[in-house]
Amino acid sequence: MQTLNISLFVALSAGVLSFVSPCVLPLVPAYLGYLGGQVASAEEGTLSRRATFLHGIFFVLGFSVIFVALGAAASGIGQLLYTYRLALMRVGGVVIIVFGLHTLGLLKIPLLYYDTRRHYRPRPELGYLSSVLMGFFFGAGWSPCVGATLGAILTLALNEATVARGALLLFAYSLGLGIPFLLMALGVGQAAGILRRARRAMRAVTIISGLFLILLGLLVFTNNLGWLAGPVDALF
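Each value, and the rule that gives it
- Residues numbered from 1 in each chain as written.
- Predicted model: local features only at pLDDT ≥ 70, side-chain atom pairs only at ≥ 80, totals over all residues.
- Heavy atoms only, no water.
- Helix = DSSP H or I, 4+ residues; strand = E, 2+ residues; numbered from the N terminus.
- Buried < 20%, exposed > 50% of the residue type's maximum accessible area, 1.4 Å probe, protein only.
- Contact = heavy atoms within 4.5 Å.
- Areas by Shrake-Rupley, 256 points an atom, 1.4 Å probe, with all protein chains shown as cover.
- Patch = residues over 30% accessible without salt bridge, like charges linked within 9 Å, V, L, I, M, F, W, Y side chains within 5 Å.
- Salt bridge = Lys/Arg side-chain N within 4 Å of Asp/Glu carboxyl O.
- Core = buried A, V, L, I, M, F, W, Y, C linked by side-chain atoms within 4.5 Å.
- Expected span 1.5 Å × (residues − 1).
- Bend = angle between axes of the 7 residues up to and from the residue.

(A) Region of the structure containing the overall build of the chain. Each helix and strand in the chain was counted, giving 10 helices and 0 strands. For the chain, the residues scored as buried account for 47% of the 236 residues in total. Partitioning the intrachain contacts of the chain with sequence separation of at least 6 by distance along the chain shows that 82% fall at a separation of at least 24. Of the roughly 11800 Å² that the chain leaves accessible, carbon and sulfur atoms contribute 71%.

Given below as C-alpha cells:
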C-alpha cells in the first residue's frame, strides 16, 4: 500500500510537470479560448467563468478517459508478463532515464516530437459533449508531446500488481494535469498574466522535469521506489 501511495504521488507530480511543460503550457490560453467559445454569450462575467469552468471539467474528463485506458492497458500487459516482472522493472528504469535525458535535451527521440493533434472546431450546439470530445482528442493527440513524462508513469503502471492499480495511477496523472487547468479556467480573466509569468521559468521547469525522470528511473531500476516514502511523509 505504501508503494502504491508513493506511485500515486509520483504520478500526480508528473501530471503537474506535464501541465507546466513547454509542450502544454503555451497552448493553455488556446484551450481556454476554445472552452470559452462553448459558452453561450453571457452578460455577466461570473456566469461566463462558471460555464467555462464546467466545460473545463468535461474537457479534463475527456483526456482522463484516454490516459486511464492507457494505464489499464499497460498494467494488463504487465500481468501477462508477470514472470518477467523483474526484467521489466530493469528495462523500465532504463527507459525512464532515457526519457529524462530526452527532456533535458541531451538525447533526441524523434517519436516524441511527432505531432498527432487533430484540430476540433467548437460545436456549441453539442454542449458539454463538445468539450469531452476536445479532451478526448487532446489525450489521444498529445500523448507523444508529453510522451517522456507520460511514458514514465505508464512504465510504473506496467509493474503494478493489478489493472485497477494501473488505471488509478493514470487517474492520478490526469488529476495532476487537469487540476491546474481547471484553476486557470476558474480564473480565466487572470490566466493570461499568470501564464506569461510562468513562461519565464520554462527552462527551469524543463530541467526539474528531466532530473525528476532520471531519479525516478534510477529508483525503478534498483527497485528502491520506497526510498521516496521519507520525503513524501515529510512533505505531508
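(B) Local environment of the environment of Ile66. Here Ile66 shows up in helix 3 (residues 45–80). Considered as a pair, Ile66 and Ser174 are 108 residues apart in the sequence and their alpha carbons are 9.4 Å apart.

(C) Local environment of a nonpolar patch on the surface. On the surface, Leu12, Leu168, Phe171, Leu175, Ile179 and Leu183 cluster together into a nonpolar patch covering about 510 Å² of accessible area. Considering every element that reaches the nonpolar patch, the biggest residue donor is helix 7 (residues 163–186), with 5 residues. Position of Leu168 relative to the elements: it lies in helix 7.

(D) Geometry of the nonpolar core. Residues Phe67, Ile153, Leu156, Leu170, Tyr173, Phe181 and Leu216 are the most contacted members of the largest nonpolar core, which totals 44 residues. Among the elements that line this core, the one with the most residues is helix 7, at 9 residues.

(E) Spatial organisation of helix 7. Given a rise of 1.5 Å per residue, 24 residues ought to cover 34 Å, and the 33 Å separating the end C-alpha atoms of helix 7 matches this to within 8%. Of all the bends in helix 7, the greatest reaches close to 25 degrees and is centred on Gly178; the proline Pro180 follows between one and four positions later.

(F) Helix 9 (residues 202–221), seen in detail. With 20 residues, helix 9 should cover 28 Å at 1.5 Å per step; its first-to-last C-alpha distance of 28 Å lies within 8% of that length. Those residues of helix 9 lying buried are Met202, Val205, Thr206, Ser209, Gly210, Leu213, Ile214, Leu216, Gly217, Leu219 and Val220. Positive backbone phi, approximately 60 degrees, marks Asn223, located one or two places after helix 9.

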